[in-house]
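Architecture and fold: a report
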Amino acid sequence: AKEAGRGNVREYDHNFDTSLQDRFRTEREIRLAIDNNEFFLEYQPIMCTRSHRLTGYEALIRWEHPQRGRIPPDRFIGIAEECGLIAEIGEWVVRRACADAALWKNGLSVSVNVSPLQFATSDLPAVITAAIRDARLDPKRLSIEITEITLLQHADQNKEILRNLRKLGVGIVMDDFGTGYSSLSYLRDFQFDKVKIARSFIRDMLQQPHSAAIVDAILLLGKGLEVDIVAEGIETSEQLHYLEERSCTFVQGYFIGRPDREIAEFPAGGLLSEV
Ligand code: C2E
Ligand code: CA
Ligand code: CA
């Protein structure tokens, strides 16, 4: 329900703050958090299996609440979407990520998650153009990760926005492919730079033949459509080997490197020399 709830204003996360009062509290606290600098970004490395080198990092938002401690994004992004604060948070994320990436000595790329509601409630190309310009970042070093919902709702309008972002040089990544509202026509109608296989399939693929079949099919689809596939949520060397044998181009997960405030220059544990 959590995954399906993101970007869908009619649903909310029943695992968290179920009473209305708590939701109002969280809403109020999100407003304060922006002003009090309680948000920060962590960066998780993404590795290319062909070169065994890192190619970039995914930016993941973190909220350090002064009393409640760490609040994971799954617990506040949905609320921020519903109460109209996602545009403000989203702009902060894009600006922070561009400013950080501009300082990385290795020149690698940064990938930012963008909520479907940011397409509706902000002028995304203008926001991203300003962020890139102010950070003096090469637009080719920025990608945005969108979910299938972005192409389900306001499809024509959002595709136009994506084409404008593409013209700027920004990469477009389809996130969590295979969950939610999967439609193969999304992959036919829009040329993504990368498609990410949803973590749940990677998690189960070595135990469940059905998950493995879906992973295999998405990898084949990637070959046919000439789009790079990213597998996320890799936690073991067995998962990595399975994906490498099927020439999955990019991999991400705790086994490669955990999200961290400081960027990792190499995957954890000397993986580069091991594989
Ligand atoms: P996502 O975009 O699918 O991000 C990947 C999530 O998987 C992250 O969770 C990451 O920490 C986690 N992860 C990475 N490798 C592994 C692994 O090997 N095993 C396991 N179990 N988990 C792994 P996180 O940071 O809690 O973020 C959850 C979701 O919140 C994200 O899912 C994304 O949808 C959303 N999110 C995060 N940051 C932002 C943001 O800046 N803006 C927006 N709109 N959404 C964000
Ligand atoms: Ca993502
Ligand atoms: Ca994902």
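Residues numbered from 1 in each chain as written. Chains lettered and ligands numbered in written order. Predicted model: local features only at pLDDT ≥ 70, side-chain atom pairs only at ≥ 80, totals over all residues. Heavy atoms only, no water.

As recorded by an unreviewed UniProt entry, the protein carries the name Diguanylate cyclase and is attributed to Acetobacter oeni.

Moving on, we get to helix α8 (residues 155-168). Its 14 residues give α8 an end-to-end C-alpha distance of 20 Å, which sits within 8% of 20 Å, the value for a rise of 1.5 Å per residue. Residues Asn-158, Lys-159, Ile-161, Leu-162 and Leu-165 constitute the buried set of α8. Mapping the buried residues of α8 onto a view down its axis gives an arc of 160 degrees, with all of them on the same face. Residues of α8 that are exposed and point more than 90 degrees away from the buried face comprise Asp-156 and Lys-167. Here the buried face of α8 lies against α5 (116-121), α6 (124-135), β5 (142-146), α7 (148-152), β6 (171-177) and α9 (184-189). Just downstream of α8, Gly-169 is the residue with a positive phi angle, here 105 degrees. (Helix = DSSP H or I, 4+ residues; strand = E, 2+ residues; numbered from the N terminus. Expected span 1.5 Å × (residues − 1). Buried < 20%, exposed > 50% of the residue type's maximum accessible area, 1.4 Å probe, protein only. Arc of directions from axis to C-beta. Contact = heavy atoms within 4.5 Å.)

Taken as a whole and judged by the stated rule, the model has 20 salt bridges. In this structure, Glu-27 engages Arg-31 in a salt bridge whose closest nitrogen and oxygen atoms are separated by 3.3 Å. Pair noted here: Glu-27 and Arg-31 are both in helix α2 (residues 20-35), with a separation of 4 residues, about one helical turn. On the basis of relative accessible area, Arg-31 is assigned to the partly exposed category, the value being 41%. Among the ionic pairs, Glu-29 bridges to Arg-68, the shortest N-O distance being 2.6 Å. On the criterion of sequence distance, the pair formed by Glu-29 in helix α2 and Arg-68 in the loop between β2 (53-65) and β3 (69-71) is long-range, its members being 39 residues apart. One salt-bridge network, in which partners are shared between bridges, spans Glu-42, Arg-62, Glu-64 and Arg-70. (Salt bridge = Lys/Arg side-chain N within 4 Å of Asp/Glu carboxyl O.)

This part covers the coordination of the calcium ion (ligand 3). Four donors placed tetrahedrally about a metal ideally form angles of 109.5 degrees, and six donors placed octahedrally ideally form angles of 90 or 180 degrees. Taken together, Asp-175 (OD), Asp-176 (OD), Glu-232 (OE) and Glu-232 (OE) make up the full set of protein donors to the calcium ion (ligand 3), lying 2.1 to 2.8 Å away. Considered as a linear motif, the donors of the calcium ion (ligand 3) on their single chain read D-D-x55-E. A separation of 3.8 Å is found between the calcium ion (ligand 3) and the calcium ion (ligand 2), which are bridged by Asp-175. For the pair shown, Asp-175 and Asp-176 are each scored as buried. (Donors = N, O, S within 2.8 Å, 3.2 Å for Na, K, Ca; no water.)

So, on to the site of ligand 1. Not every one of the 22 residues close to ligand 1 is listed here, only the nearest: Gln-44, Arg-62, Arg-199, Glu-235 and Tyr-254. A distance of 3.1 Å is found between an oxygen atom of ligand 1 and a side-chain nitrogen or oxygen belonging to Asn-113. In this structure, an oxygen atom belonging to ligand 1 sits 3.0 Å away from a side-chain N or O atom of Asp-175. Protein chains bury 88% of the 810 Å² of accessible surface belonging to ligand 1 in isolation. Looking at the shell around ligand 1, the elements with two or more residues in it are β2 and β6. When residues in the shell around ligand 1 are grouped by element, the largest group, 4 residues, is from β2. (Near = heavy atom within 4 Å. Polar contact = N/O pair within 3.5 Å; in protein donor to acceptor, adjacent residues only side chain to side chain. Areas by Shrake-Rupley, 256 points an atom, 1.4 Å probe, with all protein chains shown as cover.)

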